[in-house]
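# Commentary on secondary and tertiary structure
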Amino acid sequence: MSELITTLGAYDREDLELILPHEHVFVDLGPMAAANWTDADPDDVVGVMAPEIERARAAGVTALVEATPEGVGRRVDVDRAVSEATDFPVVVPTGIYQEPKIPDWAREASEDDLYI
């Protein structure tokens, strides 16, 4: 049986129906070097996103995949805050891409460090 690992735990495939495969719960489209996402307050994001999550739920969506990459605002704490506040499962990406912007910490990390 396949499982989807989300911010609310693992879900069996039969527990989910419509999954949106590429959504952005939180992303900063400003200049990458500015790193504005680091100062974001999760409560502010919940306030903006909770009504959108409810609209998705009303349309039959049962989970979504957060597609924000490293470097433009991926904040797992924000994704989790939105997920928990709305009781809605979110899959958070784990990959880092876009050579040469892969940070040194990721290049040097062990497989176990990257898993966590």
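These notes cover the structure that comes with them. Fair warning: this is a prediction, and the values are worked out from it, not measured in the lab.

This part covers the overall build of the chain. Looking only at helices and strands, one finds 4 helices and 5 strands in the chain. Projected onto its principal axes, the C-alpha coordinates of the chain cover approximately 40 × 35 × 20 Å. Within the chain, the fraction of its 116 residues that count as buried is 31%. For the chain, restricting intrachain contacts to residue pairs at least 6 apart in sequence, the fraction spanning at least 24 positions comes to 74%.

Here we come to the pairing of strand β2 (residues 9-12). Pairing between strand β1 (residues 3-6) and β2: 4 bridges, direction antiparallel. Pairing of E3 across the sheet is with D12, part of β2. In sequence, β1 turns back onto β2 through a hairpin of 2 residues.

Our focus in this paragraph is the sheet that holds strand β4 (residues 61-66). The strand order β3-β4-β5 describes an open sheet built from 3 strands, whose pairing is parallel. Looking at strand neighbours, the two that pair on one side only are β3 (18-23) and β5 (90-91), the edges of this open sheet.

With that out of the way, let us pick up unusual backbone geometry. For D87, which is not glycine, the phi dihedral falls at a positive 50 degrees. Here D87 lies in the loop between α2 (76-86) and β5.

Moving on to the pattern of salt bridges. Applying the stated criterion across every chain yields a total of 3 salt bridges. The partner of R57 in a salt bridge is E54, with the nearest N and O atoms 3.1 Å apart. Note that R57 and E54 are positioned in helix α1 (residues 42-58) at a spacing of 3 residues, about one turn of the helix. D77 is the salt-bridge partner of R75, the closest N and O atoms lying 2.8 Å from each other. Classification of R75 by relative accessible area gives buried; the value is 13%.

Every buried residue belonging to α2 is among V78, D79, V82, S83 and T86, and all of these are buried. Seen from one end, α2 has its buried residues packed into an arc of 135 degrees, which puts them on one side. With respect to the buried face of α2, the exposed residues turned more than 90 degrees away are E84 and A85. Count one or two residues on from α2 and you reach D87, which has phi positive near 50 degrees.

Calculation criteria
Position numbers for residues count from 1 along each chain, tracking the sequence in the order it is written. The predicted nature of this model means local features are confined to residues of pLDDT at least 70 and side-chain atom pairs, given and counted, to a pLDDT of 80 or more, with totals for whole chains, interfaces and linings taken over all residues. Only hydrogens and water are removed before side-chain values are computed, so all heavy atoms of the structure are retained for them. Helix and strand assignments follow DSSP, with helices taken as H or I runs no shorter than four residues and strands as E runs no shorter than two, numbered in order from the N terminus. Buried residues are those whose accessible area, probed at 1.4 Å on protein chains only, stays under 20% of the maximum for their type, while exposed residues exceed 50% and partly exposed ones sit between those limits. For this analysis, residues touch if any pair of their heavy atoms sits within 4.5 Å. Pairs of strands are assigned from DSSP output, requiring at least two bridges between the strands. We count a salt bridge whenever a side-chain nitrogen from Lys or Arg sits within 4 Å of a carboxyl oxygen from Asp or Glu. Think of it as the arc spanned by the lines of direction from the helix axis to the C-beta atoms.

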